[in-house]
Structures are given as structure tokens and as C-alpha cells.
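# Coordinate analysis (summary)
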Amino acid sequence: MKIGIVGLGRMGGNIARRLMRGGHEVVVWDRNDDAVSGLAGEGAIGASSLADMKDKLASPAIYWIMLPAGAPTESTIEELSATECASGDIIIDGGNTFWKDDVRRAKALAEKGVRYVDVGTSGGVWGLERGYCMMIGGDKETVDFLDPIFDTLAPGIGSVPRTPNRGEDADPRAEKGYIHAGRAGAGHFVKMVHNGIEYGLMQAYAEGFDVLWGRNVAHLPEEERFDFNMSEISEVWRRGSVISSWLLDLTASALAQDQKLEQFSGKVADSGEGRWTIEAAMEQATPVAVLTTALFARYRSRIDEMYGDKLLSAMRYGFGGHVEIPQ
């Protein structure tokens with residue numbers, strides 16, 4: 001298929017590369033001319049503007065927007081729908097947009113005959129090689145039409161053991177790493193909750209390592225103190241432990257480089273999805289004690305940091321290249 005990628009940052013550029021590897025024609029545009037020329041040198045079709053991208057795409061034109069949530073995404077979609085999109089064209093938002101914005105956009109674009117799909121995309125800086133886990137919202141006809149794109153971007157079944165007792169009537173796409181979650185907004189809603197869970201998992205690791213790190217303190221009896229090797233503990237937990245995970249893999253990698261995590265301040269950022277998850281839970285009266293505490297722990301880290309906060313920052317940098325709050 002032929003598709004336009006708007007936004008060539010950490011994930012947008014690699015999405016373009018993975019699609020090209022899968023045999024798709026990719027037209028790219030970014031405000032950074034160097035990013036465009038770099039991808040063009042790898043086989044993409046460079047565009048000089050959104051209008052130029054339109055001229056280079058087939059019909060229906062497919063635009064994948066991979067920009068920061070909020071104003072950058074909003075203004076780009078507004079420009080596309082106002083001047084470039086024809087009836088039947090498709091706009092895909094693959095960023096971390098607030099799901100209620102998807103509901104609003106889908107309705108407004110439908111009035112112009114433009115189709116809208118929201119894709120919650122997980123995979124971070126590793127997606128080029130590992131593939132992207134995708135949670136998709138939109139009408140069935142459009143999502144099915146785009147399936148070759150999603151199938152290329154997804155990790156595939158790979159070496160992950162198949163789930164026992166999974167029925168023959170189950171959607172095969174889930175095993176490949178992507179699902180059609182429901183109508184517009186559903187994809188980003190599921191991704192929002194995914195990120196809320198991510199906060200909770202990361203906080204559990206951070207607090208556990210805080211307990212280990214703090215065991216060699218002066219106020220404890222000497223025979224009850226332990227000077228633990230954090231790198232070795234994280235490594236052994238990767239091997240057959242019930243708490244092994246990719247987040248623990250990233251933790252072990254960070255600790256192998258520096259047990260003290262001195263490159264991190266411990267002032268942990270949040271990108272919005274944790275807050276939105278809690279807001280959704282409040283709307284429907286669903287208790288989310290762990291997720292709420294994990295979010296509040298990030299707020300607290302900006303006042304006084306602990307070892308576990310540095311570990312949180314190390315994990316965020318490991319999976320997404322996320323940097324800390326500027327000091």
C-alpha cells in the first residue's frame with residue numbers, strides 16, 4: 001500500500017522504515033528537512049509539504065500522523081481536512097491522543113467524508129526491530145482496508161507461546177500484536193489504560209529496588225544490613241522469575257551500566273495517559289488505587305527524589321528514549 005507518514009521523530013521514522021521493509025510505498029514529511037532527506041535516502045518518497053504529500057499519494061490517500069498529542073496533531077489534522085483531504089481519504093492518528101479528541105474528530109471528519117482511525121501504538125524506540133503493538137479504533141470497513149499496514153507493523157506471533165484454551169473463533173490479529181478495539185476513540189482508550197498499567201508496574205519495581213538499596217543504612221543493626229548488588233539481583237530475576245518482564249530487562253541493562261544511576265536525577269515525568277486513565281476511572285466509579293498511587297509518586301519525585309525514582313527514569317529512557325524533566 002501507499003501511505004504518507006507525517007512526523008519523523010523517534011517512532012514516526014521507524015514506522016516508515018518498517019513499512020518500507022515490508023514492501024509498502026512510503027511518502028514522508030516533517031518540518032525538519034534533514035529528517036525527510038534522511039528517510040528519502042533510505043528509499044522513502046520525500047515531500048516538501050502536506051500539499052506535496054497529497055500529490056504523491058494514491059486515492060484514497062492515507063495519512064499516518066505521528067506527532068505529539070495536542071496542538072501539533074490537532075493543527076495538522078485541521079490543515080489536512082481543510083485543504084488536502086478528499087472524500088474517502090483516511091487520517092490515522094498513531095500518537096498518544098486523548099481518546100475524547102478522537103471521538104470529536106471522527107464525527108467532524110465524517111461530515112466531510114474523511115475517514116478517521118486512532119491507533120494506540122506501543123513499542124517505543126525498539127519498534128523497528130520488535131514490531132509495534134497496536135490498539136485500533138475506527139469503523140470496521142476502514143480498519144479492514146488498512147490491515148496490510150497494521151500486519152506489517154505488528155510483531156507477529158514470533159516466539160511468544162500461544163495462550164492455552166484460546167478458542168478457534170478468537171481474532172487472529174491479537175496473536176500477531178494488534179486488535180480492532182472498537183469505534184473511533186477505542187484504540188486510544190485501550191492504549192491509555194495500557195500506559196496507566198505501565199505506571200503501576202514501573203512503580204512496583206522502583207519501590208522494590210528502593211527497599212533493597214536502602215537496606216545498608218546506619219540505623220539498622222550491623223548484622224541486619226545488606227550491601228546488595230543491584231545489577232546481579234535484576235539479572236537473576238530475569239531468569240525464570242515470576243516477575244520477569246521487558247521492563248525488568250531494561251532495568252537490568254541500566255543497572256549493569258551504573259548501579260547508582262547517576263545519570264538520572266529521579267525527577268520523573270509523566271506524559272498524560274496516567275492522568276487520563278484515572279479520570280476515566282473516576283467517571284465510571286472504578287477504583288484504581290495502584291495506578292493513582294503510581295501517578296502521585298511521580299509528582300512526589302519532583303519534590304524530593306529517591307533511588308527508585310532514578311530507576312523509573314532509567315526504565316522510561318530504556319523503552320521510549322524519554323528524558324527527565326529539565327532541571
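Residues numbered from 1 in each chain as written. Predicted model: local features only at pLDDT ≥ 70, side-chain atom pairs only at ≥ 80, totals over all residues. Heavy atoms only, no water.

### Brief notes about the sheet that holds strand β2 (residues 25–29)
Spatial strand order, β3-β2-β1-β4-β5-β6-β7-β8: eight strands in an open sheet with mixed pairing. Single-partner strands in this sheet number two, and they are β3 (45–46) and β8 (178–182). Sheet analysis places strand β7 (residues 133–137) next to β8, joined by four bridges and oriented parallel. Bridge pairing in β8 links M134 to Y178. (Pairing = 2+ DSSP bridges. Helix = DSSP H or I, 4+ residues; strand = E, 2+ residues; numbered from the N terminus.)

### Some details on unusual backbone geometry
The omega torsion of the bond from S59 to P60 falls at 0°, within 30 degrees of zero and hence cis. Look at L261: it is not a glycine, yet its phi comes out positive at around 55°. The topology assignment puts L261 in the loop between α12 (246–257) and α13 (273–283). The class of L261 is buried, set by a relative accessible area of 2%. With phi around 60°, A285 is a residue other than glycine that occupies positive phi space. Classification of A285 by relative accessible area gives exposed; the value is 66%. (Buried < 20%, exposed > 50% of the residue type's maximum accessible area, 1.4 Å probe, protein only.)

### Structural notes on the environment of L57
Its place among the elements puts L57 in the loop between α3 (50–56) and β4 (62–65). Residues L57 and K2 lie 55 residues apart in sequence; the distance between their C-alpha atoms is 6.6 Å. Residues contacting L57, with those up to four places away along its chain left out, are K2, I3, G4, V27, I62 and Y63. (Contact = heavy atoms within 4.5 Å.)

### Focus: the packing of helix α10 (residues 186–213) against helix α14 (residues 289–301)
In the contact formed by α10 and α14, the axes pass within 8 Å of each other and the chain directions differ by 70°. One way to sum up the angle between α10 and α14 is to call them roughly perpendicular. Side by side, α10 and α14 meet where G196, I197, Y199, G200, M202 and Q203 of the first sit next to V290, L291, A294, L295, A297 and R298 of the second. Considered class by class, the residues forming the contact of α10 with α14 number eight nonpolar, three polar and one charged. (Axes fitted to C-alpha atoms, helices over the stretch in contact; angles between N-to-C directions. Parallel < 35°, antiparallel > 145°, perpendicular 65-115°, else oblique. Nonpolar A, V, L, I, M, F, W, Y, C, P; charged D, E, K, R; others polar.)

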